[in-house]
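Listed below, chain by chain, are the residues.
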Amino acid sequence: MKTLIPLLCLITLPVWAQNTPEGWAVHPTDKSYGELVDATKAAIKENGLIVVTQAGPTKAAAARGITIPGNRVIGAFNNDYAVRVLETSTNAMIEAPIRFYVTENKDGTATLSYKTPSFVFAPYTSEGGQELLDIAAELDTKFQSVAEDAGK
């Protein structure tokens, strides 16, 4: 059995290398890039969060005559969460807003990804304690709901 485990690890290593990065949630959709950007912003609002920031290189690249796949980062949060996080950890607020990432796929569909709030806030739990863990868990649920709603 001791020799079987390392062998299994070597066999499955290529599969692991292709998996989602640690702490990420990835939601492929059948929507186009533009549809998913719009749906994500709508789902953020529907789930009680606010679009705080948006950035992406696609339009700026196009203005320079360069075509790249659609790529948009959408930061979402709200003041209630901001105040609650600050009550537990001033340092953790550097992570707000937490971001969604919309990427265009080669086949014309788009994917919605994000680092889970629990993963994002994990480095601050020694300062923020259980209260910060609870907030992160609430946000995990909200972010999952945004992803599900946006992908419909």
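Note: the structure precedes this text.
Bear in mind the structure is a predicted one, so any value in this text is a computation, not a measurement.

Caption draft 1: Just helix α4 (residues 79-88), in detail. Residues Tyr81, Ala82, Val85 and Thr88 constitute the buried set of α4. One side of α4 holds all its buried residues, which, seen down the axis, span an arc of 130°. Facing away from the buried surface of α4 by more than 90 degrees, the exposed residues are Asn79 and Glu87. Those residues of α4 that are buried lie in contact with β3 (71-77), α5 (117-121) and α6 (125-151). Where α4 begins, the capping side chain belongs to Asn78, and its oxygen is found 3.1 Å from the backbone nitrogen of Asp80.

Caption draft 2: Local environment of the side chain of Ser89. Among the secondary structure elements, Ser89 is positioned in the loop between α4 and β4 (98-104). Relative accessible area serves as the criterion here: at 0%, Ser89 is assigned to the buried category. For Ser89, the side chain forms a polar contact with the side chain of Glu127, separated by 3.0 Å. Sequence-distant contacts of Ser89, defined by excluding residues within four places in its chain, comprise Tyr124, Glu127, Gly128 and Leu132.

Caption draft 3: Focus on unusual backbone geometry. At the junction of Ala96 and Pro97, the peptide bond is cis and its omega measures out at 0° in the coordinates. Positionally, Pro97 belongs in the loop between α4 and β4.

Caption draft 4: Examining the pairing of β4 more closely. Inspection of the sheet shows β3 paired to β4 by six bridges, in the antiparallel sense. The residue of β4 that forms the bridge with Ile74 is Phe100. Where β4 meets strand β5 (residues 110-115), five bridges bridge the pair, whose relative direction is antiparallel. From the neighbouring strand, Phe100 faces β5, where its bridge partner is Tyr114. Linkage of β4 to β5, two consecutive antiparallel strands, is achieved through a turn of five residues, within which Gly108 is found at a positive phi near 90°.

Caption draft 5: The arrangement of the layout of surface pockets in detail. When its volume is computed, the largest pocket comes out at roughly 210 Å³. Lining the largest pocket are 13 residues; nearest its centre among them are Trp24, Arg99, Tyr114, Lys115 and Val120. Those elements that place two or more of their residues in the lining of the largest pocket are β4, β5 and α5. Among the elements that line the lining of the largest pocket, the one with the most residues is β4, at four residues. Looking at side-chain class alone, the lining of the largest pocket contains ten nonpolar, no polar and three charged residues.

Caption draft 6: Main features of the nonpolar core. The biggest cluster of nonpolar side chains holds 32 residues, and the ones touching the most others in it are Phe77, Phe100, Val102, Phe121, Leu139 and Phe143. Listing elements by their share of this core, those giving two or more residues are α2 (33-46), β3, α4, β4, β5, α5 and α6. For this core, the element with the most residues is α6, which contributes eight residues. When sequence neighbours within four positions are dropped, the list of residues in contact with Phe77 reads Leu49, Ile50, Val52, Ala82, Val85, Met93, Ala96, Pro97, Ile98, Phe121 and Leu139.

Caption draft 7: The pattern of salt bridges, seen in detail. Applying the stated rule across the entire model yields three salt bridges. We note a salt bridge from Asp80 to Arg84, for which the minimum N-O separation is 3.7 Å. Here Asp80 pairs with Arg84, and both are found in helix α4, just four residues apart, close to one helical turn. What makes Asp80 partly exposed here is its relative accessible area of 44%. Where Asp149 meets Lys152, a salt bridge forms, and the shortest distance between an N and an O atom there is 3.4 Å. What you see here is one network of salt bridges that share partners, running through Asp80, Arg84 and Glu138.

What counts, and at which threshold
Residues numbered from 1 in each chain as written. Predicted model: local features only at pLDDT ≥ 70, side-chain atom pairs only at ≥ 80, totals over all residues. Heavy atoms only, no water. Buried < 20%, exposed > 50% of the residue type's maximum accessible area, 1.4 Å probe, protein only. Helix = DSSP H or I, 4+ residues; strand = E, 2+ residues; numbered from the N terminus. Arc of directions from axis to C-beta. Contact = heavy atoms within 4.5 Å. Polar contact = N/O pair within 3.5 Å; in protein donor to acceptor, adjacent residues only side chain to side chain. Pairing = 2+ DSSP bridges. 1 Å grid on protein atoms, 1.4 Å probe; cavity = no way out; pocket = protein on both sides within 12 Å on 5 of 7 lines; lining within 4 Å. Points joined across faces, edges and corners; volume = space filled by probe spheres on them. Nonpolar A, V, L, I, M, F, W, Y, C, P; charged D, E, K, R; others polar. Core = buried A, V, L, I, M, F, W, Y, C linked by side-chain atoms within 4.5 Å. Salt bridge = Lys/Arg side-chain N within 4 Å of Asp/Glu carboxyl O.

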